[in-house]
Every structure is written in structure tokens, then in C-alpha cells.
Amino acid sequence: MTFALLLLAVAVLTLHNLGVERLRPAFYVPACGVTTAALVGLARWAGIGLGDLGLSAAGIGGGLVVGGATLLVVMVAGLVPMTRPLFADRRMAGVGALGTVYRTAVRIPFGTVLVEEMAFRGVLLALAGGLAGTGWAVAVSSALFGLWHVVPVRATLRTNDLAPSPAVVGGTVVVLALVGAGLCWLRLLTGGLAAPAIVHASASAGATLVAFFVVRMPSTLGAEFSD
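Our subject in this report is the structure included herewith. This is a predicted model, so every value here is computed, not measured.

## With respect to the packing of aromatic side chains
No. 1: The tally for this structure, following the rule as stated, stands at three aromatic pairs.
No. 2: Considering the side-chain rings of F120 and F145, the 5.3 Å spacing of their centres and the 70° angle between planes classify their relative orientation as edge-to-face. Here F120, found in helix α4 (residues 97-132), pairs with F145, found in helix α5 (residues 134-148); they are 25 residues apart in sequence, far enough to count as distant.
No. 3: By relative accessible area, which is 2% here, F120 ends up buried.
No. 4: Following the ring pairs from residue to residue traces out a cluster consisting of F120, F145 and W148.
No. 5: Just above the ring of Y28 sits the side chain of R107; from NZ or CZ to the centre is 3.7 Å.
No. 6: R121 extends its terminal NZ or CZ atom over the ring of F145, reaching a point 4.3 Å from the ring centre.

So this is what it looks like as C-alpha cells:
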């Protein structure tokens, strides 16, 4: 039964991944909430307790420290000329100040981070762990986390007039799978989802905030990545 529920959880995530970006922006966070609730329901059906899903206050302190360090690294990367072009995402060119605040304070933590952390560091890690042990659970969760980003990575590349070549997309999947493994390690080390969720939100919100400023830089300051 656990294996069947694991497959069902993957199916739910696949449908979410393929369909959520087609929704109006206002429906993104509610859709993430519905998917998260469905995944938790599947885990509970499998007899997994809330503590085993990482739903506890454990790791908040450590998460704040690591999350703060992560945010600092992202901000510094946005200031360094060599790494600044990585944040020149044209999607942020049409997003105003209020829209940026909404993305960093609502969409990312209560949409993206909520569903991804509960899915990959909560439900999938617990279901796979019950079948094959912690090591295999981390490998499965991390691999799926990398594959989860194929659709958004391809869309982002096209938006920025870059070819979504197999090498670039594949490389990004591998990197994000490794990031997923790191977040799994943090989840297991602290005993809860709080720490990886805080770090994840810090990285994503920080990158979004930096991108808001980078795409608006005058050509005299940001000529190295202008059209």
C-alpha cells in the first residue's frame, strides 16, 4: 500500500507541476495549498504521523541562522559583477515593487516553499523511507526534486531568450538534485521541516529581490548583461 501511495503522491505532484503555471497568478498560492493538503492526506492514509512528516518546531533556530547566511550570500552575489548577470531574469522586468513584495512575502513562502518542502522533504521522504530506508529515500526525493524543475527551468530559459538545451536543463536538474539532498540532510539533522523551509525561502526570496533591482539597473551600471 505504501508503494502505491508513493506513486499516487508522485502523480499528484506531476499534475500540479504541469498545471499550476497555467493558472492565473492569484490562484497559485491556493493551488499549492490544495496540493499540500492532498499530499499530507496521502501520508496520513499511510499511517505516517505529523512528527514523521517534519511538522514540528524543531530546527527553527538553526534554520534562521543558516537562512540568514544564505540570504547574505545571495545578496552579495547580486553585487558582484561576475555573478550579477545570473539574476538578470526578464520575468521580473514587468513586476513592480508591490508585486515583488507579494512574491517574496507570500507567493514564495506560502506557495512554492510550502508545497515543495512538504512534498520532497516531508511526504516523499517519509513514504520512501518506509519502503527502502533513509539513504534511498533521500536519493529518491532529491532526484524527483531535480526533475520537478524541468518545466520551470525550460520556461525561464525561453523567457530570457536562451535555448533550453538538454545540457543546460540536465545540468540544472543535477545541481538542484544536489540542493535537494542538502535540504534533506538539514531536515534529518534538525528533525523538522522548519530549517530547510527557512533556507529555501531565504534563497528564493533573496534571488527574486536581487533580480528586481538587477533588471532595472541603468546601462552605465549593468552594461555587462544588457541586450
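## Here's the deal with the packing of α5 against helix α6 (residues 150-159)
No. 1: Between α5 and α6, the shortest axis-to-axis distance is 5 Å and the interhelical angle comes to 30°. Relative to α6, the element α5 is oriented roughly parallel. Only V150, V151 and P152 of α6 make contact with α5, whose side of the interface consists of G146, L147 and W148.
No. 2: Its residues placed into classes, the contact of α5 with α6 shows five nonpolar, one polar and no charged.

## Re the environment of L183
No. 1: Note that L183 resides in helix α7 (residues 166-190).
No. 2: The spacing of L183 and V199 is 16 residues in sequence and 8.3 Å in space, taken between C-alpha atoms.
No. 3: Those residues in contact with L183 that sit more than four places away from it in its chain are E117, R121, P196, V199 and H200.

What counts and what doesn't
Residues numbered from 1 in each chain as written. Predicted model: local features only at pLDDT ≥ 70, side-chain atom pairs only at ≥ 80, totals over all residues. Heavy atoms only, no water. Phe/Tyr/Trp six-rings, centres within 6.5 Å; stacked < 30°, edge-to-face > 60°. Helix = DSSP H or I, 4+ residues; strand = E, 2+ residues; numbered from the N terminus. Buried < 20%, exposed > 50% of the residue type's maximum accessible area, 1.4 Å probe, protein only. Lys NZ or Arg CZ within 6 Å of the ring centre and 35° of its normal. Axes fitted to C-alpha atoms, helices over the stretch in contact; angles between N-to-C directions. Parallel < 35°, antiparallel > 145°, perpendicular 65-115°, else oblique. Contact = heavy atoms within 4.5 Å. Nonpolar A, V, L, I, M, F, W, Y, C, P; charged D, E, K, R; others polar.

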